[in-house]
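Coordinate inspection notes
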Amino acid sequence: MESSIAASLFFIVAWGALASGIYFSKKSEKKLDAVTWVVADILVTTCWHVLVAAVINLLKVPVNIITIGIFDLCAGAVLWFRIYKSKERQKYEFHIGDAVFCVALLVFSVLLTKYRYGGTEFFINYLTIDPAAHFKAAMDVVNNQCVNNMFYQALTNGLLIEVFSPLLKVDYYYRIFVFSEPLFLALAGGMFYGTIKRYLNTRFMQVAGIIVSFLYIGGYPLDSTEYGFVYLGMGVTLLILLVFLADTFAKDEIAKWWNIVLLSLGCLGIFECYVMFMPIIFFAVIFVVFLKQQRAGILISKDTVITCLAIFLIPCILGMVYTYFGIFGSNLTVGGALSNEGAIYRDLYSNFVPFLPFALYGFYKEVKEKKNTTTLFLLPFLVIFMIGLFLRGMAGKVSSYYYYKTYYVLWFVVMLLVIAGISYMTKETRIVTGCCFAVWLAVFGAMVFHIEEKIQGRNELFNVNIKSSAFNDIFSYNYNNLRSAGYSLDKRELYHYVYDELISKGQDMVPIASYWQDDFWYQGITNQRNDGWDVNNSAGFLEMLLNSDAEYVLVLTDSQSTVYLDNQTYFDSLERVYENAAGFVAKLK
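Not measured: the values here are computed from a predicted model.

Helix and strand counts for the protein come out as 25 helices and six strands. On C-alpha atoms alone, the protein measures out to a radius of gyration of 26 Å, which is about the 25 Å that the 2.2 N^0.38 rule sets for 589 residues. In terms of principal-axis extent, the alpha carbons of the protein reach across some 80 × 75 × 45 Å. By residue count, 55% of the 589 residues in the protein fall in the buried class. Long-range contacts, defined as pairs at least 24 residues apart, comprise 78% of the intrachain contacts of the protein with a sequence gap of at least 6.

Residue position: Cys-308 is located in helix H13 (residues 302-327). When its relative accessible area of 12% is taken as the criterion, Cys-308 is described as buried. C-alpha separation for the pair Cys-308 and Leu-391, spaced 83 residues apart in sequence, amounts to 32 Å. Ignoring anything within four residues of it in the chain, the contact list for Cys-308 reads Ile-286, Val-289, Phe-290 and Leu-313.

For helix H1 (residues 5-24), with 20 residues, the first-to-last C-alpha span of 28 Å sits near the 28 Å given by 1.5 Å per residue. Three or more residues of H1 are buried, namely Ala-7, Ser-8, Phe-11, Ala-14, Ala-17, Leu-18, Ala-19, Gly-21, Ile-22 and Tyr-23. On its buried face, H1 sits against helix H2 (34-58), helix H3 (65-86), strand S2 (92-93), helix H6 (152-164) and helix H11 (256-273).

Turning to the packing of H2 against H3, a few remarks are in order. Two elements in contact, H2 and H3, have axes separated by 10 Å at closest approach and are oriented at 120°. The orientation of H2 relative to H3 falls into the category oblique. Both H2 and H3 take part in a crossing whose hand is right-handed. From H2, Trp-48, His-49, Val-52, Ala-53 and Ile-56 reach across to H3, where they touch Thr-67, Ile-68, Phe-71, Asp-72 and Ala-75. Tallied by class, the residues present in the contact of H2 with H3 amount to seven nonpolar, two polar and one charged.

A few words on the packing of helix H10 (residues 230-250) against helix H16 (residues 374-394). Between two packed helices, what matters for the description is the angle formed by their axes and the separation of those axes. Remark: H10 packs on H16, axes separated minimally by 9 Å, with the N-to-C direction vectors making an angle of 140°. The orientation of H10 relative to H16 falls into the category oblique. Of H16, the residues touching H10 (which contributes Leu-239, Val-243, Ala-246 and Asp-247) are Thr-374, Thr-375 and Leu-378. Residue composition of the contact of H10 with H16, by class: four nonpolar, two polar and one charged.

Before going further, it helps to examine the sheet that holds strand S6 (residues 583-587). An order of S3-S4-S6-S5 is seen for the four strands of this open sheet, with the pairing classed as mixed. Each edge of the open sheet carries a strand with a single partner, namely strand S3 (512-513) and strand S5 (575-580). Pairing analysis gives five bridges linking S5 to S6, with the strands arranged antiparallel. Along S6, the bridge assignment pairs Arg-576 with Ala-586. Against the sheet, helix H21 (residues 489-501) engages S3, strand S4 (552-556), S5 and S6, with an angle of about 135° to S5.

To continue, consider the side chain of Lys-136. By the secondary structure assignment, Lys-136 is in helix H5 (residues 130-144). Taking relative accessible area as the criterion, Lys-136 reaches 9% and is therefore assigned buried. Engagement of the side chain of Lys-136 in a polar contact is seen with the side chain of Gln-523, the distance being 3.4 Å.

Take the packing of aromatic side chains next. For the coordinates displayed, the defined rule picks out 55 aromatic pairs. Between Phe-151 and Tyr-322, the aromatic rings sit 5.1 Å apart at their centres with planes inclined by 70°, giving edge-to-face as the arrangement. Placement of the pair is Phe-151 in the loop between H5 and H6 and Tyr-322 in helix H13, with a sequence separation of 171 residues. The same class applies to Phe-151 as to Tyr-322, namely buried. Between Phe-352 and Tyr-407 the ring centres are 5.8 Å apart and the planes differ by 70°, which places this aromatic pair in the edge-to-face class.

Enumeration according to the criterion identifies zero disulfides in this entry. Between Cys-273, a free cysteine, and Cys-47, which holds the nearest cysteine sulfur, the sulfur-to-sulfur gap is 8.5 Å.

Going through the model one piece at a time under the given rule, you end up with 18 salt bridges. Across the pair Glu-341 and Arg-346 runs a salt bridge, and its minimum N-O distance is 3.1 Å. Residues Glu-369 and Lys-371 are paired through a salt bridge, measuring 3.6 Å at the closest nitrogen-oxygen approach. A relative accessible area of 34% places Lys-371 in the partly exposed class. Via salt bridges that share partners, Lys-26, Glu-29 and Glu-88 belong to a single interconnected network.

Let us now look at a nonpolar patch on the surface. The grouping of Leu-58, Val-305, Leu-309, Leu-313, Ile-314, Ile-317, Met-320, Val-321 and Phe-325 at the surface amounts to a nonpolar patch, some 800 Å² of accessible area in total. Among the elements that line the nonpolar patch, the one with the most residues is H13, at eight residues. Within the secondary structure, Ile-317 sits in helix H13.

Let us look at the nonpolar core. Inside soluble globular proteins, nonpolar side chains tend to come together where they are buried. If you look at the biggest cluster of nonpolar residues, it comprises 181 residues, and the most contacted ones within it are Trp-37, Ile-281, Phe-412 and Tyr-495. Counting residues per element, this core draws most heavily on helix H17 (residues 400-428), at 20 residues. Counting residues in each nonpolar core, the second largest holds 15 residues, with Val-535, Val-555, Leu-574 and Ala-586 among its members.

Our next topic: the pairing of S4. With five of five residues buried, S4 is to be regarded as a mostly interior element. Residues Tyr-552, Leu-554 and Leu-556 of S4 are buried on one face, and the alternating residues Val-553 and Val-555, pointing to the opposite face, are buried as well. Note: S3 against S4, two bridges, orientation parallel. When the sheet's bridge partners are listed, Ile-512 is paired in S4 with Leu-554. One ladder, built from five bridges, connects S4 with S6; its direction is antiparallel. Within S6, the position partnered with Val-553 by the bridge is Ala-586.

Criteria and cut-off values
- Residues numbered from 1 in each chain as written.
- Predicted model: local features only at pLDDT ≥ 70, side-chain atom pairs only at ≥ 80, totals over all residues.
- Heavy atoms only, no water.
- Helix = DSSP H or I, 4+ residues; strand = E, 2+ residues; numbered from the N terminus.
- Rg over C-alpha atoms; globule rule 2.2 N^0.38 Å.
- Buried < 20%, exposed > 50% of the residue type's maximum accessible area, 1.4 Å probe, protein only.
- Contact = heavy atoms within 4.5 Å.
- Expected span 1.5 Å × (residues − 1).
- Axes fitted to C-alpha atoms, helices over the stretch in contact; angles between N-to-C directions.
- Parallel < 35°, antiparallel > 145°, perpendicular 65-115°, else oblique.
- Left-handed = near helix turned anticlockwise from the far one by under 90°.
- Nonpolar A, V, L, I, M, F, W, Y, C, P; charged D, E, K, R; others polar.
- Pairing = 2+ DSSP bridges.
- Polar contact = N/O pair within 3.5 Å; in protein donor to acceptor, adjacent residues only side chain to side chain.
- Phe/Tyr/Trp six-rings, centres within 6.5 Å; stacked < 30°, edge-to-face > 60°.
- Disulfide = S-S within 2.5 Å.
- Salt bridge = Lys/Arg side-chain N within 4 Å of Asp/Glu carboxyl O.
- Patch = residues over 30% accessible without salt bridge, like charges linked within 9 Å, V, L, I, M, F, W, Y side chains within 5 Å.
- Areas by Shrake-Rupley, 256 points an atom, 1.4 Å probe, with all protein chains shown as cover.
- Core = buried A, V, L, I, M, F, W, Y, C linked by side-chain atoms within 4.5 Å.

Okay, structure coming up:
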């Protein structure tokens, strides 16, 4: 892999041609919402990249910014030729409330970047080791120029890394990966806001929509970002995209063939991003299609068959090839994968309690008015899926880790129905709605501004127990973790030394004696792949080291580095060429 300014500029121009071609192609006689379609456009292009990569990878064509860019440019040229020939462009509308939301989202993203990732330093700061594995996967796409398994996020991050690679040295590519976190979170917020726009038809609802959008972002999406669940976070965002597109299809808001193509790309995207959510959203989309066809009197027809095949056939074929045959084609089974535990935010129900009255009322009104909205099908399928996982979890067959991942989807569904419920309630009991919302905001404000803590600090007897966070636990949890200590600067200093002074100067391999989680970040940052070295087996690691061709070894000396502690006499006897508080680089005898 060699970075190239020319290649990066080519990809940016090609992607711009595709994205603008999709955006300005005539899709409807009516004006469409500008903000919503900007976000949807960006997400659709990432799904298009998945389609291109999946096909050319099967043909043994390298997957990189040049090959993807060629297809982007060709598709963009076709779209712009059609625009030029028809002399028609899609028109959009943009409201003051949209500007307020966009500015607020930008400020939120900048503050998140500043306080969590050190601004332009883009520090590694996650609550789990998952992002290290995801970063390695993205670098594997860059290095090997191919894709495999569930590759949406690896491809998307890999293309970003390639585009910005001329600006950084290889051992700093992780900064591009970290930069993508607030970017993807902003896309999640923008897609949610765009999906609820159909309810924001008054000034009161516009304000409520902006507030609920940031409540959505500050809940499970922000939590996913803090944990580094990049696959999970973008999986939910693509699910929201599909909800928006299916709702658009149900209402005939854009040309049918456009809607089918976009739905198909979105379905492929989520299949290759987070397959766990694929069944529920596929069923929801197909039921929206069936209900629309039934109301048109053509449910049992050739049109229905062609529509369903056009939406689902390619995603299912490519999804099976890469995801199921790629991941579950060996000894790993779906049941075995779902039984693995891991670090995740766990709260059984308290975060949903304040919002459920609004959400349930919104669901009731949508059903009563016989609306054909995706959430009316998505919620039942999701609840059934969650109950199944919960029962299997109680039987010891499914881990709590995978059960609680469904809450990230449930959060979206509930918050969407909250805004629906508020919309219906304001037409009937606006004062009651406002009072209910104001009470919750007061409690939320007490938590944010630590009102109870201040009272307790003055006189504990006036407030013995702090209660404001009881029904805002997810917000409190995210806030408390916002400025948590990031990954060790001393360890990163050692990794940079290894790359700058050894790997980049011809050393093929510099093993690391460390805790297994440090090994993940080390391999990603130094762009090595020492997966055969088992740092959890102290004796086996030392034997491999002594029998290897390695000339140097990096040794971390903290309390978690059992390889070092179990073989301390040997490692301490080596000649140290560089050291700091986290460990040392030594020359092997």
